[in-house]
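# Examination of the molecular architecture
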2 protein chains.
Amino acid sequence: MALKARVLYDFNSENPGEISIAENELVTLFNEEELEGWLEGENSRGEAGLFPASYVEIIKDHITSNTNNNGISSPKTKAVTPNHTSYTSPESQKGLGAGSGGSGGGSFHTSQGSDDDWDDDWDDGSPAVDAPQGLGTSPPLYPVTTSLPGRRESSQQQQAKSSATVGRNLNRFSTFVKSGGEAFLLGEASAFVKDGDRICVVMGMHGPEWQEDPYPFTCTIDDPTKQTKFKGMKSYMSYGLTPTHTNVQVNRRYKHFDWLYARLVERFPVISVPHLPEKQATGRFEEDFISKRRKGLIWWMNHMISHPVLARCDVFQHFLTCGADEKAWKLGKRKAERDELVGPNFFLTISTPTVPLDLQEVESKIEGFKTFTKRMDENIVVVNATISEFARKQMAGFKKEYQKVGQSFMLLGQAFELDQQAYSEGLNRAIAYTGEAYEVVGEYFAEQPRHDLAPISDLLDLYRGHLANFPDIIHVQKGALTKVRDCPKQEGELHDRCNIISCATLAEIQHFHRTRVRDFRSQMQHHLRQQIGFFQKITAKLEDALQRYDDDQ
Amino acid sequence: MALKARVLYDFNSENPGEISIAENELVTLFNEEELEGWLEGENSRGEAGLFPASYVEIIKDHITSNTNNNGISSPKTKAVTPNHTSYTSPESQKGLGAGSGGSGGGSFHTSQGSDDDWDDDWDDGSPAVDAPQGLGTSPPLYPVTTSLPGRRESSQQQQAKSSATVGRNLNRFSTFVKSGGEAFLLGEASAFVKDGDRICVVMGMHGPEWQEDPYPFTCTIDDPTKQTKFKGMKSYMSYGLTPTHTNVQVNRRYKHFDWLYARLVERFPVISVPHLPEKQATGRFEEDFISKRRKGLIWWMNHMISHPVLARCDVFQHFLTCGADEKAWKLGKRKAERDELVGPNFFLTISTPTVPLDLQEVESKIEGFKTFTKRMDENIVVVNATISEFARKQMAGFKKEYQKVGQSFMLLGQAFELDQQAYSEGLNRAIAYTGEAYEVVGEYFAEQPRHDLAPISDLLDLYRGHLANFPDIIHVQKGALTKVRDCPKQEGELHDRCNIISCATLAEIQHFHRTRVRDFRSQMQHHLRQQIGFFQKITAKLEDALQRYDDDQ
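How each quantity is defined
Residues numbered from 1 in each chain as written. Chains lettered and ligands numbered in written order. Predicted model: local features only at pLDDT ≥ 70, side-chain atom pairs only at ≥ 80, totals over all residues. Heavy atoms only, no water. Helix = DSSP H or I, 4+ residues; strand = E, 2+ residues; numbered from the N terminus. Buried < 20%, exposed > 50% of the residue type's maximum accessible area, 1.4 Å probe, protein only. Contact = heavy atoms within 4.5 Å. Areas by Shrake-Rupley, 256 points an atom, 1.4 Å probe, with all protein chains shown as cover. Least-squares fit on C-alpha atoms with pLDDT ≥ 70 in both. Polar contact = N/O pair within 3.5 Å; in protein donor to acceptor, adjacent residues only side chain to side chain. Buried area = accessible area lost by both parts, 1.4 Å probe. Salt bridge = Lys/Arg side-chain N within 4 Å of Asp/Glu carboxyl O. Core = buried A, V, L, I, M, F, W, Y, C linked by side-chain atoms within 4.5 Å. Pairing = 2+ DSSP bridges. Phe/Tyr/Trp six-rings, centres within 6.5 Å; stacked < 30°, edge-to-face > 60°. Lys NZ or Arg CZ within 6 Å of the ring centre and 35° of its normal. pLDDT = per-residue confidence, 0-100. Domains from an automatic or database assignment.

## So, the overall build of chain A
Along the backbone of chain A there are 15 helices and 12 strands. Taking all 553 residues of chain A together, 58% fall into the buried category. Once local pairs closer than 6 in sequence are excluded, the contacts in chain A between residues at least 24 apart make up 73%. With an accessible surface of roughly 23400 Å², chain A has 50% of that area assigned to carbon and sulfur atoms.

## Focus on the relation of the copies chain A and chain B
Mapping chain A onto chain B calls for a screw motion: a turn of 180° about the axis and a shift of 0.2 Å along it, with 0.3 Å RMSD after fitting. Taken together, these values place the two copies in the relation of a two-fold axis. Of every C-alpha in chain A, the one belonging to F535(A) sits nearest the axis of rotation, 2.9 Å from it. Interface overlap between copies is the fraction of interface residues in one copy that are interface residues in the other; for chain A against chain B it reaches 100%, indicating a shared surface.

## Comments concerning the side chain of Q403(A)
All names here are of chain A. Inspection of the secondary structure assignment puts Q403 in helix 11 (residues 359-417). Using a relative accessible area of 14% as the deciding quantity, one classes Q403 as buried. Within the structure, Q403 has its side chain in polar contact with the backbone oxygen of E439 (distance 3.1 Å). Setting aside chain neighbours within four positions, we find Q403 in contact with Y438, E439, G442 and E443.

## Some words on the interface of chain A and chain B
With 65 residues of chain A at the contact, the number on the chain B side is 65 residues. For the pairing of chain A and chain B, the buried interface totals around 6500 Å² over both sides, and the portion due to carbon and sulfur atoms is 71%. Looking only at chain A, the three residues that lose the most surface to chain B are Y423(A), R521(A) and F535(A), adding up to 11% of its buried area. Linking chain A to chain B there are four salt bridges. We note a salt bridge from D419(A) to R516(B), for which the minimum N-O separation is 2.6 Å. Counting every contact that joins chain A to chain B gives 19 residue pairs in polar contact (both at pLDDT 80 or more). At the level of elements, helix 11, helix 12 (422-447) and helix 15 (491-551) of chain A are the ones that each hand at least two residues to the side of chain A that touches chain B.

## Here's the deal with the nonpolar core
Formed by 220 residues in total, the largest nonpolar core has its most connected members in M301(A), F316(A), M301(B) and F316(B). Contacts of M301(A), omitting those with residues within four sequence positions, involve C219(A), I221(A), L241(A), F257(A), F316(A), F319(A) and L320(A).

## Some points on the pairing of strand 10 (residues 234-243) of chain A
Where a strand is regular, its side chains alternate between the two sheet faces. All names here are of chain A. For strand 10, the buried fraction is high: eight of the 10 residues fall into the buried class. Strand direction decides the pairing type here: strand 8 (residues 219-221) and strand 10, joined by three bridges, are antiparallel. Residue pairing across strands places T220 opposite T242, the latter belonging to strand 10. Linkage of strand 10 to strand 11 (residues 250-252), two consecutive antiparallel strands, is achieved through a turn of six residues, within which N247 is found at a positive phi near 60°.

## Thoughts on the pattern of salt bridges
Close approach of charged atoms allows side chains of opposite charge to pair. Evaluated as defined, the whole model comprises 43 salt bridges over all chains. Among the ionic pairs, R518(A) bridges to D519(A), the shortest N-O distance being 3.0 Å. Look at the salt bridges and you will find they share partners, linking E389(A), R392(A), K393(A), E401(B) and K404(B) into a network.

## Thoughts on the packing of aromatic side chains
Enumeration according to the criterion identifies 58 aromatic pairs over all chains in this entry. Centroid distance F372(A) to F416(B): 6.3 Å. Interplanar angle 25°. Geometry classified as stacked. A residue pair is termed interchain when its members come from two chains, as with F372(A) in helix 11 and F416(B) in helix 11 (residues 359-416). Classification of F416(B) by relative accessible area gives buried; the value is 0%. R252(A) extends its terminal NZ or CZ atom over the ring of F319(A), reaching a point 5.5 Å from the ring centre. The ring of Y433(B) has R548(B) lying over it, and the distance from NZ or CZ to the ring centre is 3.7 Å.

## Side note on the environment of Q211(A)
Residue and element names in this part refer to chain A. Assignment of secondary structure puts Q211 in the loop between strand 7 (207-210) and strand 8. Overall, Q211 belongs to the partly exposed group, its relative accessible area being 35%. Among residues more than four places away in sequence, those in contact with Q211 are C200, V202, P308 and R312.

## Description of the environment of N251(A)
All names here are of chain A. Its location among the elements puts N251 in strand 11. Residue N251 is classed as partly exposed on the basis of its relative accessible area, which comes to 43%. Through-space distance from the C-alpha of N251 to that of M237 is 9.7 Å; in sequence the pair is 14 residues apart. Discounting chain neighbours no more than four positions away, the residues touching N251 are S238, Y239, G240 and H256.

## Brief notes about the confidence of the model for chain A
Residue and element names in this part refer to chain A. With 74% of its residues at a pLDDT of 70 or more, chain A has an overall mean of 77. Ignoring residues within four places in sequence, the model shows residues 279-286, a span with pLDDT below 50, making 26 contacts including any to other chains. Confidence metrics for the complex model read pTM 0.71 and ipTM 0.70.

## Focus: the side chain of T505(B)
Residue and element names in this part refer to chain B. Mapped onto the elements, T505 comes out in helix 15 (residues 491-551). Its relative accessible area of 0% is what places T505 among the buried residues. Setting aside residues no more than four positions away along its own chain, T505 makes contact with V270, I366, I473 and Q477.

## Concerning the domain arrangement of chain A
One frequently used descriptor of interface size is the decrease in accessible area upon assembly of the parts. Residue and element names in this part refer to chain A. Here chain A is partitioned into domain 1 (4-59), domain 2 (209-351) and domain 3 (359-548). Here domain 2 and domain 3 share an interface that buries about 2600 Å² over both sides, 61% of which is from carbon and sulfur atoms. Along the contact surface separating domain 2 from domain 3 lie zero salt bridges. On the surface where domain 2 and domain 3 come into contact, there are 12 residue pairs in polar contact (both at pLDDT 80 or more).

Printed below as a string of structure tokens:
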């Protein structure tokens, strides 16, 4: 049977290869897999081509029609496809769980696939296909129907809008239900919480914050090595991770990261789990894919271990510390997949400060944060586009200009060499050297972006992932607030539970800000140090050239 | 009567506003004045537009038809026009003088104009019209009919060829006759030479050279001041010159320079008199015309005083030292204009080393130099085009890129400012400062070319003037050599006189090389020092920005 999707928002094709689709239209999909956020299919007028995956809702046979599950596809949602039986994205999981009743409990781990599927090579097979294509090809991530005037804005702003991720959740089904937030608020969550599972929100100088990890650690990620199995028939890349608290290296494949990510997302509804690098566009600096993914994983790991809740949680620790013992691995894996403290039950694990928050103040803080994320998201899209363009210019235009100047100096030296006067030779050599120096400076310009612009770009990508997470997180908190206002009766308990959700949300926001300030400070410093070193290198080269004019006089 | 010109070489229009003209075609001129080397007129097909002045020969009523004076127009030749009665270019002078008999003596100063014309404002009136337009609009200076394959070469090489000045003399009437070289060689020169007029060629390490000036001096040129006369009705710019050997400032107008130039050119047939800046293309760095002309005059003066013969000659000394005494000035002026030691008689003033040169060797040296000048001329055209383009890129593209990066960092800072956390403020300020720093760096890039590329461009312009002089100089020497071979009879005297011409030519070539090595060494050093300073300035700015991230933590 042909796969169908219902169109959620109008989309007008703007480039060759794209097709226009209209709200409520039914389109036929050629393939359920997104490529860079696009789907391929045929519209009702028989035109075939690409359209943004987030503009349509795939019609699945096994979803009953009474779920008003419209528009849950997010940039990182992968649908369950016949080819990929073992993989179910964390977000569609959540959607399914909540949609089929939302009653909480142990119903969130029904389709993880068996352990036999574990070694399928669905992610390591063709990295080139996964390689991101750069900014130019990103589909719009939220509908632009309400912002037609924006089309007349500057192209930078336009790009900022059309690629912004924050706005995309405005019209979609409330994640309040999906996340289990509603169930928790209504008292439907119930599970046994061990002391070890308890997550403390404490009152810090700047409001609620996650209690700090008393045993902080770091974790290195080695260059991946190529591994084979089935007598060399299949190969995959393996990353050596060495956390400092055990100092024992474990080997993980990308799909293990992916599995972990899925667990974390279902486990922590109001925590922004950093996105894995795969889907992030970092392909603009011509590094090879493996190296890029490793850098992305290092960023990811860095964010994982600096998060007080994520760093300590069982499934992450299992991932970091379980060695080559296959049995122990599967045991931990099964345990994680059957974890009861997911969805609504997550909130049961949270301890709040004794004094409850003022909900009015919470609401204002959340509103402020919403504005903040929207602006940050828009602006980092501009920054990313600008530095990508700057990198491109340096690698092409700047390099070319300096090399052309170098070549023209060399030409001058060559003309001068036709003069056989002895007193001319020193100058001729010096000019030739100057020409070479300028060629080298051109190379410096071409090499530099990967050292000082690419890392900023990687950082911005990671933060775009966080910014894409927050609308859901904010929705959970807002849903709770709304519910409390709507049901004044059960005030006490509702208030307490709303307070828990609010504390967790504000703690997460606080964590985001702290991490952001830390990351951007250190990355800007890194960038400036690199730039300073770069200009010093040029200066040294030119000083070297200048020297030649004295030496040979 | 409509002014006509005969076309000397085919020219195919390549740009709007130009018209194609064919060899031997008669064209009608709208105006006899060149603009940047172009003339405006109508061809025989009735098309009106521009064509290169050097491709046509203006048909003058007062030139008798028996002069085979085809193609003497050089880049700096101005024709005698009704509007400009007082101005006759030195080169057309030479042509006229030689063409009307070439008998030497006092016949070279017939059309200098009376002293009454002296104060006409023909050169200071509208500097904007004289302002050069940059390389792009230069007409080809020698015919490209023989180099059609060159059209398939790279555009840089093409530009080098089509703008090269050295080749232009190949087909024109021998300057051997015009210069008086022939008359001298045939023993037709005669004049009384005082000891003070004697010019010595000595044998140096690298061959014949001009005896060094025992009393070297320098001369400063102050910023020009605006003067008025006729009760303010007319105004002109006056340059204050202070030569070090008198240390008395004299005031000269541009037309005084021009008058001096004309005297020097007729006085010294085998000396490369530096071209005055007016016609030289230095208009690419957006400085104002006055400042550019002053810089050009400084270069010119520098070349004048470093030339042992030019620096010491009477007319230049008169120019440099005669004060405000109108009478003394006119006396010296008349004396210079009636100087007998011009043209063929110039050679009478030359003392040679005792051992005569080997003419075979001279010929080979001259051939080598000819090759050298041709290559140097072609290559500096490329250098000039490249650095002009580089300057343009820095002033536009580079600046824009750095400023865009700066603006995007500022955007990032602005987004972050929406977060009211106290610990974010320092970072926000630092990022805003970094953004400003990048904007400043952009300004640095825009300002830099005038400091390190413009001077090179000025130098190249001056040398293109010299290179344009040498074909004539070489022609004189070659004419003498040919004559000696043709007439074996009068061997002794002919040989002596050919030796004199050869010594002077080689001394001039030697001087050219020495000056070239000195000038290019010092200019390349200046350029590199400027560039180093520039990159250090950027580094300092970025270090300043980096500092902000520590200060505010």
